[in-house]
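Coordinate inspection notes
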Amino acid sequence: MTVYFDKLKEVKTFSQIDYFNIRVDDAKIMLRPVDESDETINLLTKWRNDNWYWFDKFIATKESTGIWLKNQVINNPDRILFLIFLNGEKIGHIGTFRYNESENSAEIDNVLRGIRGCCPGLMENVTNELISWMFSELKLSKIKLKVFSDNYKAINLYERCKMLTIGNIPLKREFNNQGWKWIPVKSSNGYAERYYSIMEIMP
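The notes below deal with the structure included here. (Residues numbered from 1 in each chain as written. Predicted model: local features only at pLDDT ≥ 70, side-chain atom pairs only at ≥ 80, totals over all residues. Heavy atoms only, no water.)

1. Topic: the pairing of strand E2 (residues 27-33)
- Counting buried positions along E2 gives six out of seven residues, so the element sits mostly inside the fold.
- One ladder, built from five bridges, connects strand E1 (residues 20-24) with E2; its direction is antiparallel. Residue pairing in the sheet places Ile-22 in a bridge with Ile-29 of E2.
- The antiparallel pairing of E1 with E2 creates a hairpin that spans two residues between the two strands, and Asp-25 there sits at a positive phi of about 55°.
- Pairing between E2 and strand E3 (residues 80-86): five bridges, direction antiparallel. Across the sheet, residue Ile-29 finds its bridge partner in E3, namely Leu-86. (Buried < 20%, exposed > 50% of the residue type's maximum accessible area, 1.4 Å probe, protein only. Helix = DSSP H or I, 4+ residues; strand = E, 2+ residues; numbered from the N terminus. Pairing = 2+ DSSP bridges.)

Okay, structure coming up:
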C-alpha cells in the first residue's frame, strides 16, 4: 500500500478532531474529517442542491447523501473529505480523490463553500493548506483537479494557489430520469456543450 492510502486511512480515524487549524486575521478555521451526523448530512444535502449547476444534475436527498457519504467517501480508501469550520460553524468542505499510481498524483476534490459572506480569502487559505499537506504528508509528485471552464471564480481561486491550466475535456449531457450527467465527448458523439479545465501543480 502506498503512503497515500495509509495516510488517508489514518486521518479518517480523527473524525472528531480538528486536523488542520488555520488563522486568517481574527477568524479561526479548522478542517476535520467528515462525519455521518444528521447535521452534516443535512448540510451536505442542502449545499449540493444549492450549487447543483457545478455538478451533475439531480436532486439530493438526506437518504441519497447518507449513502453517498458512507459508500463513496468514508468507506472509500481512495478518498477523504474534510469539513471546513469557521469559528466552530460548518461552512463547506474540500478533499482529495483519484490517486494515480503511475504519476503519483491525486486530485483536489469537492471544493465547496456552502455558507458565504464572511472571512474573505478563506477558501484560498484552505486550498493552500490542503495542497501543502498533500505534498508533505501524502508524498505526491503532482496535484490535479477538474473544474468547469465557466466557473471563473473557482479558476481564479486555483490560479491564486499557483495551479496552472494544462488542458480541457469537452463534455456533453447524458440525460436520465433525475436530470443529467456530464460525460466526456468522443469524436463520434458530436459537439461539446461544456468543458472541464484540467489544472495541476507540482512541488
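2. Section: the packing of aromatic side chains
- If you walk through the whole model with that rule in mind, you get 16 aromatic pairs.
- Considering the side-chain rings of Tyr-19 and Trp-133, the 6.0 Å spacing of their centres and the 85° angle between planes classify their relative orientation as edge-to-face. Separated by 114 residues along the polypeptide, Tyr-19 in the loop between helix H1 (3-11) and E1 and Trp-133 in helix H4 (residues 122-136) bring together distant segments of the chain.
- With a relative accessible area of 24%, Tyr-19 lands in the partly exposed category.
- What makes Trp-133 buried here is its relative accessible area of 4%. (Phe/Tyr/Trp six-rings, centres within 6.5 Å; stacked < 30°, edge-to-face > 60°.)

3. Points about the pattern of salt bridges
- Summed over all chains, the structure comprises 17 salt bridges.
- Among the ionic pairs, Arg-160 bridges to Glu-124, the shortest N-O distance being 2.8 Å. Of this pair, Arg-160 sits in helix H5 (residues 152-160) while Glu-124 is found in helix H4, placing the two residues 36 residues apart along the sequence.
- Taking the relative accessible area as the measure of exposure, Glu-124 reaches 23% and is therefore partly exposed.
- When salt bridges that share partners are traced, they join Glu-103, Lys-142, Lys-144 and Glu-200 into one network. (Salt bridge = Lys/Arg side-chain N within 4 Å of Asp/Glu carboxyl O.)

Function cannot be inferred from these measures alone, as they are strictly geometric.
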